[in-house]
Amino acid sequence: TEFGVGATTPTLLDVLHVLCRSSSSHHGVHRHHRHHHLHTHHMDASTAHTLAREGATLVVQDMPVGTEFGVDYMSWNTGPRFRGIKMLPPGLHFIYYSAVSHGETGARTGFFLFTDRAEIYVRKWEPQTEELEPVALSSDDLANLRANMQDLDRFLGAYQFDDQMKKWMSLTNHIRPADLQRLCPSNGKISSVTEYTSTDTDTNPHHMQTVPEARILFTAIPAKLVPANATPAEISKHSLDRSHTLGQIIRAHGVEGLLAELQFAFVCFLIGQVYDAFEHWKKLVALLCSCDDALRDYPQLYKDFIAVLHFQLQETPRDFFVDIVSQDNFLTVTLASLFARMDSQDGLDADLAKRASKFKAHLTKYFDWEFDDEKEEDQPVVVEM
């Protein structure tokens, strides 16, 4: 008779477990759930009443019992009485779900949702596609739903206002509705399994390509981008300092848009289980750590970048970035380049230098990462991608 049983926080290890399976398989990670119910804990009646009045509601229709269902950093397996989530704080949320069959969890699908104060959103489970689809409501439908909300209330799980919510907000604070419009696939769904379609031709009868409407619209990051009519000396400079490339992206999407894309990619990987998003995140981090002039031109960007990375790295195991083959750690090599560039800068923003120094000390202490004793062969090199 519960809304759902079991709660778990998605970890990068969970994600890797899923990603290591064949993308054509509909199996997923086995989780040991802590028993936890979709109720409001440690909250007095007045606070709960305020949240119920101010928070948004996501009504979920016809979801099969046992489906893995999650909002932001919290997930559950649904029970027979589950009809949705109440008390959603206004702002960005990621809703995701996986069909469960014979104890195996299927591929994860999700969507981003910006909620407004006291708004009601409705999604319906479609058994043929095993996906939650939006339900269009007329003004009369919405009025009836609001009138019956008190009866529906006991079937709604409460959003958990705890450390997990704070963690979610720290991972997504730069993402705005305009960023979602720019980055989300045209079908609105973030899927852990890449969808392909056949584009057979006479010359290539077995060619497959990603379904266009399912593709996340990440910004293309060229490995080398130099100004037109650049001299040989300028070409050499831009191969070592990628500030021009970074500037092109900032001019297209703004500093906030760049930070939003960095967070969007990380969340799509961490919670959406999209491996391509992790690869894009690495490219953005590598670009930001390969600039000299930009450190002086965009000091606030780099202060925010350090903060974003700080919260993201709290979600990663120590050895996560170590290459299985080479044993190189992507982040220690990349960040060593950033710190070295900062150290060699004349007139670097004093506050940025202070924050970078604290961040470096934090990483050395908690991850046991060393940045000052890189061997010559471990120093970053310019590679054409």
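Quick summary incoming for the structure in this document.

What counts, and at which threshold
Residues numbered from 1 in each chain as written. Predicted model: local features only at pLDDT ≥ 70, side-chain atom pairs only at ≥ 80, totals over all residues. Heavy atoms only, no water. Helix = DSSP H or I, 4+ residues; strand = E, 2+ residues; numbered from the N terminus. Buried < 20%, exposed > 50% of the residue type's maximum accessible area, 1.4 Å probe, protein only. Contact = heavy atoms within 4.5 Å. Areas by Shrake-Rupley, 256 points an atom, 1.4 Å probe, with all protein chains shown as cover. Phe/Tyr/Trp six-rings, centres within 6.5 Å; stacked < 30°, edge-to-face > 60°. Pairing = 2+ DSSP bridges. Polar contact = N/O pair within 3.5 Å; in protein donor to acceptor, adjacent residues only side chain to side chain.

A word on the overall build of the protein chain
- Looking only at helices and strands, one finds 13 helices and 16 strands in the protein chain.
- Buried residues in the protein chain amount to 47% of all 385 residues.
- Taking the contacts inside the protein chain whose residues are at least 6 apart along the sequence as the reference set, 72% of them involve residues at least 24 apart.
- Per element, the accessible surface of the protein chain, about 19500 Å² overall, is 52% carbon and sulfur.

A word on the packing of aromatic side chains
- Inspection of every chain in the model, using the stated rule, returns 15 aromatic pairs.
- Pairing phenylalanine 94 with phenylalanine 112 gives two aromatic rings, centres 4.7 Å apart and planes at 45 degrees, and the pair type is tilted. Taken as a pair, phenylalanine 94 in strand S7 (residues 91-98) and phenylalanine 112 in strand S10 (residues 109-115) lie far apart in primary sequence, 18 residues in all.
- Residue class for phenylalanine 112 comes out buried when judged on its relative accessible area of 10%.
- A centroid spacing of 5.8 Å and a plane angle of 75 degrees characterise the contact between tyrosine 97 and tryptophan 125, whose relative ring orientation is edge-to-face. One end of the pair, tyrosine 97, is in strand S7; the other, tryptophan 125, is in strand S11 (residues 120-126), and 28 residues separate them in sequence.
- Using a relative accessible area of 2% as the deciding quantity, one classes tyrosine 97 as buried.

Remarks on the sheet that holds strand S13 (residues 157-158)
- Spatially, S12-S11-S3-S6-S13 is the arrangement adopted by the five strands of the open sheet, whose pairing is mixed. Both outer strands of the open sheet, strand S12 (131-134) and S13, are each paired with one neighbouring strand and no more.
- Both strand S3 (residues 56-61) and S11 contribute to a ladder of five bridges, which runs parallel. Bridge pairing links valine 60 to arginine 123 in S11.

Focus: helix H5 (residues 163-172)
- Every buried residue belonging to H5 is among Gln164, Met165, Trp168, Ser170, Leu171 and Thr172, and all of these are buried.
- Each element contacted by the buried residues of H5 is listed here: strand S5 (74-78), S7, helix H8 (243-270) and helix H11 (299-313).
- At the N-terminal boundary of H5, the capping side chain belongs to aspartate 162, with an oxygen 3.0 Å from the backbone nitrogen of glutamine 164.

That is the geometry; function is a separate question.
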